[in-house]
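Summary of structural features
Below are the chains, spelled out letter by letter.
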Amino acid sequence: MATDNLFNDHNKDEFPPAHTAEHLLNRVMVNMFGCERSFNAHIERKKSKMSFHLVQKPSRHDEKAIENEMQRLIDADLPVTYEVVSLSDLPEGVSASRLPEDVSETVRLVRIGDFDVCPCIGKHVRSTSQIGRFEMLGTNWDEHEHSFRVRFKVVQ
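Attention here is on the structure that accompanies the text. All of these numbers come straight from a predicted model, not from anything done at the bench. (Residues numbered from 1 in each chain as written. Predicted model: local features only at pLDDT ≥ 70, side-chain atom pairs only at ≥ 80, totals over all residues. Heavy atoms only, no water.)

1. A look at the nonpolar core
Leu 24, Leu 25, Met 29, Phe 52, Ile 66 and Met 70 are the most contacted members of the largest nonpolar core, which totals 30 residues. Elements with a minimum of two residues in this core: helix H1 (16-33), strand S2 (48-53), helix H2 (60-75), strand S4 (106-112), strand S6 (133-142) and strand S7 (147-155). The element contributing the most residues to this core is H1, with 6 residues. Beyond its immediate sequence surroundings of up to four residues, Phe 52 is in contact with Leu 25, Asn 26, Met 29, Cys 35, Glu 36, Arg 37, Ser 38, Phe 39, His 146, Ser 147, Phe 148 and Val 150. Judged by nonpolar contacts, the second largest core, of 6 residues, contains Val 85, Val 94, Val 107 and Val 117. (Core = buried A, V, L, I, M, F, W, Y, C linked by side-chain atoms within 4.5 Å. Buried < 20%, exposed > 50% of the residue type's maximum accessible area, 1.4 Å probe, protein only. Helix = DSSP H or I, 4+ residues; strand = E, 2+ residues; numbered from the N terminus. Contact = heavy atoms within 4.5 Å.)

2. Regarding unusual backbone geometry
Here Asp 77, not a glycine, exhibits a phi torsion of approximately 55 degrees, which is positive. You can see Asp 77 is positioned in the loop between H2 and strand S3 (80-86). Here the phi dihedral of His 146 falls at roughly 50 degrees; this positive angle occurs in a residue that is not glycine. Here His 146 shows up in the loop between S6 and S7.

3. So, H1
For H1, with 18 residues, the first-to-last C-alpha span of 26 Å sits near the 26 Å given by 1.5 Å per residue. Across the 18 residues that make up H1, a large majority, 14, are buried. Looking one or two residues beyond H1, the residue adopting positive phi is Gly 34, at roughly 65 degrees. (Expected span 1.5 Å × (residues − 1).)

So, in structure tokens, the structure goes:
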């Protein structure tokens, strides 16, 4: 007996390679800097930007390490898979804090290999090698807000 899962409405039409890169960059930043996932993201086909709250400004060496790690993960051809779970059965480390107030009882988790998992109903590539090449276009640091913005694009 098949059951249809009911999810919240989704009003975005993501560019799957850039959207999947967003997931990777979130986890890279969490792993490298111990920060939360981005607090502001604007993901587009031509150019994207994501902002993170950090303790201190990353060095140029750190920026290059971010770019290198992103490309390593893309080249690793990690599978992108989905799992539907009950909101009450979210795996350890997966937060519901950014889900809408009226979130459905069932949640779709997106897994990128063993590297990242988070709730998402957007469009993604089937594996990371389909993202293409990750190019960091630049960064900005706001000392007052301790905010680090990464501007990037994916080239296919």
